[in-house]
Amino acid sequence: MSSTPMQEQYQPADIERAAQSFWAAKGSFRAVEDPARQKFYCLSMFPYPSGKLHMGHVRNYTIGDVLTRHHRMKGLNVLQPMGWDAFGLPAENAAMANKVPPAKWTRDNIAYMKRQLQGLGFALDWERELATCDASYYKWNQWLFTRLFRKGLAYKKTGVVNWDPVDQTVLANEQVIEGRGWRTGAVVEKREIPMYFFRITAYAEELLSALDGLPGWPEQVKLMQKNWIGRSEGVKIGFPYELAGEKRTLWVFTTRADTLMGATFCAVAAEHPIATHAAKTNPELAAFVEECKHGAVMEAELAQIEKKGMPTGIFVTHPLTGAKLEVWVGNYVLMGYGEGAVMGVPAHDERDYAFAHKYGLAIPCVIRHPAGDGVPLPWNPAYAEHGTCMNSGKYDGLDFQQAVDAIAADLQAKGLGEKQVQWRLRDWGISRQRYWGCPIPIIHCPACGDVPVPDAELPVVLPDNLVPDGTGNPLAKLPSFYECKCPSCGRPARRETDTMDTFVDSSWYFARFASAGSTDAMVDERARYWMAVDQYIGGIEHAILHLLYSRFFQRAMRDEGLIPDIAEPFTNLLTQGMVLAESYHLDNREGRREWVHPSEVDVERDARGRITAARRRSDGAEVTYGGIGTMSKSKNNGVDPQALIEKYGADTARFFIIFASPPTHTLEWSDEGVEGSYRFLRRLWAYALKYSGRRPQSGQADRAARHEVHSILKQANYDMQRHQFNTVASACMKILNALDRLPDPANPAAAEGFSILLRLLSPITPHVCHHLWTALGFGPDIMQAPWPEPDPAALEQDEIEYVVQVNGKTRGIVRVPKSADRKAIEVSAVQSMQKYVAGQAVRKVIVVPGRLVNLVL
RNA sequence: GCCGGAAUGGCGGAAUUGGUAGACGCAGCGGACUCAAAAUCCGCCGCCCCUAAAGCGUGUGGGUUCGAGUCCCACUUCCGGCACCA
């Protein structure tokens, strides 16, 4: 072994620059398709280029990098690419604030953030970089859109949006604050406008059933998707009525057809034709309908508003009894869900129960439920449980399934109902009345209607020099963009000015990385090698929408003949927790809350280390602890990764973020913790220095040390495989502690142990491990070294420790020879516990092999 | 409101299937080195208690078990999502 002289001090800046140059010169991270090798496609969710990296990014990409480097050393052919989710609202907001076009702002941000990612030493193949605002990328959004449009999988219908009447513009949900526009303060209205939708519901059944074929996804995420798709079996029921002399039917869907005999009213959405009709002659109702149309579009808000209703004076006929039921308008009925109407069964539905009590409607009990035969106040959840029918005429005595079957059959015979499967999942509205996004490739022709832009004219390029002003989409004010000729008839036509939801961009970028730069196809044959993504990593906040849309897109692409044998884009999914930080504030003279950055706060502690007071360093003002929460500008508690990297180096930042918490947990930031990680890397350096000065020695390796190192390694490999990287980091610390304790640093166990340590640690802190590996003469490139595996011989032990319990309480330990049988273990356990046994009979002895003995007295 | 999670010392966390609760680290306390400080090294560190023994202890209240942080039931608080933030 040869070794080169080492510097006394650990100087991360030099080491990291040198390691990064080494990797760049060697092209270490370039991914090349090789059918002879097993591939591993590792992908972290690409970032929105908001300006600079935040801790969530650093965490996400460090987790991905640990996995990437580990699999590389395991011998797999690894692809880890990076790109930019570059379209979106923040660029428009920045443009308004700074009068800079979103394109320029975005490109500048990308350039800065790319340098940051490179400085962190991530093993990324930059040759595959993409930005969704590149016309070469979004061209294929448009291309696929036109294909789906021709198949009817993309179609136009109306959708509800938030409308700011002052700025005359559509607002995103986050731009509506307490029902008012964020810039104007005007009360927001609901407005129905034409939009394009993707028919994701056509894939509902497959998206649901295929979840069972995803063992590599967290159960939690699969359950959320399952509930979101929301398959329910029920019955579609028709209530006939007459309106303006015309015979019509009000259709409702219910999963509780067994309660139909208890229906006492129907409720419709404010937008329902019955409501509109009745409002014409009823000013009070018209006012109520108008009220319902204001306010929340968001389901979360809708679900919490007080349930209100008003009768329409229009009656429908009960399909089985012929009774007249009045139709109400309810503010809780959604037009976009089902038929926009529900039947009201007050006795067996909590919402209907409250509604009926409020408006004095009858509440007949028709199900014998676990709490009895009546439904006295207050509401009891048992009222909604399944039971046998009562007060239901010919259906009395039937159980849930029998009643549903019988009622569905009777309805079907009358042509007033049938069994139906309903989905909670709605089609995906992709139109956005915004500038900074991918133009929807449609031309509106007065003669031919909506005509998709022909392939030869794609992409429809977004002009990149506009600055939005908050009063609607600037594209709609730009004749040079929207004036065009109909591709079909050649007459003057108008180009669509809406752009696509940015979720469209991010629904297939993973496939594009696998075909980077392809000019004549959305994806090419290289995608067949790399897809699907073997390991996808990203925030739990994307558990439903992004992941579901991507699963839909992969199928839509499959059915276009692209990557035909792959339906699921992500084989394994790791959902990381958020990064949180402490916050502190003081209330100033005007009573306004002033947030003080945690780094500006000095904390006083008692003898035990408990916090007793906190003061601002600059002036000693007492500040209040504001609890732990997401890092945000408004709370002034963001930690800038760049400052951290400059102070301690990338390896310390990476180590701390891995060590502080398991990847799936939320991570609470602490500056003190960073110091501890830096200390560990300095200790590692100091040990390497000591080690490099050793005299080469042969002879017997220290058996105890080998046993310890290999036991730790065994556990660490298990933890690595289950993605619990924080304990892998702990394992590295433990190995260093063990090596440091060796009485003779020149013992052969030290060389072996240190070589294991460097390789185990290298995915987490690649720069320092790369440096030490070559400096100490272990080899030319640690990334080419094999992943360490424990030696079974080193794991063997002559004696085994047993925990001894008496009546389930731990009282001591006995050591027995490895060869001891059950009887011998029992005897030594009883002997060691004479003090507790003291002549009493031992009634039972439980022996857990290799672990524990419990004496039951 | 609905759906999905989480809760363990002063703090982050560990405990593979029910089997020594608190690994590893941070903070704190005591000591060594130093003119001093930083850095480094050594020791202590769940609560109760003068100490030891005993006892108590994994958000709360019940239960199952020889044995529960881990399983079951009921609850509390916090976090994520709810379809136009990404």
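Residues numbered from 1 in each chain as written. Chains lettered and ligands numbered in written order. Predicted model: local features only at pLDDT ≥ 70, side-chain atom pairs only at ≥ 80, totals over all residues. Heavy atoms only, no water.

1. Topic: the packing of aromatic side chains
This structure, assessed with the given rule, holds 45 aromatic pairs. On the numbers, 4.9 Å between centres and 70° between planes, the contact of F510 with F570 is edge-to-face. Placement of the pair is F510 in helix α15 (residues 509-513) and F570 in strand β27 (residues 570-576), with a sequence separation of 60 residues. Here the two residues F510 and F570 agree in accessibility, since each one is buried. With centroids separated by 6.0 Å and ring planes inclined at 25°, the aromatic side chains of Y691 and F778 adopt a geometry described as stacked. You can see Y691 sitting in helix α20 (residues 671-692) and its partner F778 sitting in the loop between α24 (766-775) and α25 (792-795), a full 87 residues away along the chain. The pair formed by Y691 and F778 is uniform in burial state, with each residue classed as buried. Joined through ring pairs, the aromatic side chains of F145, F149, Y196, F198, Y203, W428, F503, Y549, F552 and F553 make up one cluster. Positioned above the aromatic ring of W23 is the side chain of R69, whose terminal nitrogen or guanidinium carbon lies 4.5 Å from the ring centre. Here the guanidinium or amino end of K236 rests over the ring plane of W251, the centre of that ring lying 4.8 Å away. (Phe/Tyr/Trp six-rings, centres within 6.5 Å; stacked < 30°, edge-to-face > 60°. Helix = DSSP H or I, 4+ residues; strand = E, 2+ residues; numbered from the N terminus. Buried < 20%, exposed > 50% of the residue type's maximum accessible area, 1.4 Å probe, protein only. Lys NZ or Arg CZ within 6 Å of the ring centre and 35° of its normal.)

2. So, the nonpolar core
Membership of the largest hydrophobic core comes to 175 residues, with the highest contact counts inside it found for F145, F198, W669 and F754. Non-local contacts of F145, meaning those with residues more than four positions away in its chain, are made with A154, Y196, F198, I430, I440, P441, I442 and M500. If you look at the next biggest cluster of nonpolar residues, it comprises 38 residues, including A270, A341, V345 and V404. (Core = buried A, V, L, I, M, F, W, Y, C linked by side-chain atoms within 4.5 Å. Contact = heavy atoms within 4.5 Å.)

3. Description of the pairing of strand β11 (residues 246-254)
Here nine bridges tie strand β10 (residues 231-243) to β11, and the two strands are oriented antiparallel to one another. Counterpart to P240 in the pairing with β11 is T249. Hairpin remark: β10 followed by β11, antiparallel, with two residues in the connecting loop; positive phi at A244, about 50°. (Pairing = 2+ DSSP bridges.)

4. Focus on the packing of helix α8 (residues 273-281) against helix α9 (residues 283-293)
Packing of α8 against α9 leaves a shortest axis separation of 6 Å and a crossing angle of 135°. The angle between the axes of α8 and α9 places the two elements in the oblique class. Judged by the twist between their axes, the crossing of α8 over α9 is left-handed. Residues A275, A278, A279 and T281 of α8 lie in contact with α9, whose contacting residues are P283, L285, A286 and V289. Its residues assigned to classes, the contact of α8 with α9 comprises seven nonpolar, one polar and no charged. (Axes fitted to C-alpha atoms, helices over the stretch in contact; angles between N-to-C directions. Parallel < 35°, antiparallel > 145°, perpendicular 65-115°, else oblique. Left-handed = near helix turned anticlockwise from the far one by under 90°. Nonpolar A, V, L, I, M, F, W, Y, C, P; charged D, E, K, R; others polar.)

5. What about the confidence of the model for chain A?
Considering every residue of chain A, the mean pLDDT works out to 90; 96% of them sit at 70 or more. As scored by the predictor, the complex reaches a pTM of 0.93 and an ipTM of 0.95. (pLDDT = per-residue confidence, 0-100.)

6. Details of the sheet that holds strand β9 (residues 189-198)
With antiparallel pairing, the four strands of this open sheet are ordered in space as β6-β5-β9-β19. Edge positions in the open sheet fall to β6 (169-171) and β19 (428-429), since each of these has one partner strand only. Across ten bridges, the pairing between strand β5 (residues 154-164) and β9 is antiparallel. Bridge pairing in β9 links G159 to I193.

7. Digging into the sheet that holds β11
Taking strand neighbours across the sheet as the criterion, the three strands line up as β11-β10-β18 in an open arrangement whose pairing is antiparallel. Either end of the sheet is taken by a strand with one partner, and the two such strands are β11 and β18 (417-423). Taking the axes of each pair of neighbouring strands and ignoring which way they run, one obtains an average angle of 35° across the sheet.

8. Here we look at the side chain of T499
Mapping T499 onto the fold places it in strand β25 (residues 499-500). In this structure the side chain of T499 is engaged in a polar contact, spanning 2.7 Å, whose partner is the backbone oxygen of R434. In this structure, T499 is in contact with I430, S431, R432, R434, Y435, G437, C438, P439, I440 and L475, ignoring residues within four places of it in sequence. (Polar contact = N/O pair within 3.5 Å; in protein donor to acceptor, adjacent residues only side chain to side chain.)

9. Let's talk about the side chain of T132
Along the chain, T132 falls in the loop between β4 (130-131) and α5 (135-151). On the basis of relative accessibility, which here comes to 0%, the residue T132 falls in the buried class. Not counting residues within four places of it along the chain, the set of residues in contact with T132 comprises F46, W84, D85, A86, F87, Y137, Y138 and D505.

10. Observations concerning unusual backbone geometry
Of note, the bond from L458 into P459 is cis; its omega dihedral lies within 30 degrees of zero at 0°. Inspection of the secondary structure assignment puts P459 in the loop between β22 (449-452) and α13 (479-482). In this structure, the amide linkage connecting M531 to the following residue, A532, adopts the cis form with an omega of 0°. When you line up the elements, A532 lands in the loop between α16 (526-530) and β26 (533-539). One non-glycine residue with positive phi stands out, namely K99, at about 55°. A positive phi angle, close to 40°, is found at I563, a residue other than glycine. Here I563 is to be found in the loop between α17 (545-559) and β27. By relative accessible area, which is 4% here, I563 ends up buried.

11. Looking at the environment of R368
Of note, R368 is situated in strand β16 (residues 367-368). By relative accessible area, R368 is classed as partly exposed at 42%. Between the C-alpha atom of R368 and that of T388, which follows or precedes it by 20 residues, the distance is 5.3 Å. With residues up to four places along the chain from it excluded, the contact list for R368 reads D373, G387, T388 and M390. Here the side chain of R368 touches D373 through a polar contact of 2.9 Å, side chain to side chain.

12. Brief notes about the environment of K835
For K835, the position within the fold is in helix α27 (residues 834-837). Given a relative accessible area of 69%, K835 falls into the exposed group.

13. Quick word on the pattern of salt bridges
Close approach of charged atoms allows side chains of opposite charge to pair. Throughout the structure, instances matching the rule amount to 49 salt bridges. Put simply, R526 and D524 hold a salt bridge, and the shortest N to O gap is 2.8 Å. Two residues, D740 and R683, come together in a salt bridge whose shortest N-O distance is 3.2 Å. With D740 in helix α22 (residues 725-741) and R683 in helix α20, the pair connects residues that are 57 residues apart, well separated along the chain. (Salt bridge = Lys/Arg side-chain N within 4 Å of Asp/Glu carboxyl O.)

14. Side note on α17
Count 3.6 residues to each turn of an α-helix, and residues three or four apart come out pointing the same way. End to end, α17 covers 21 Å across 15 residues, agreeing with the expected 21 Å (1.5 Å per residue, within 8%). Counting buried residues in α17 gives 13 out of 15 residues, a clear majority hidden from the surface. Phi turns positive one or two residues past the end of α17, at G561, with a value near 90°. (Expected span 1.5 Å × (residues − 1).)

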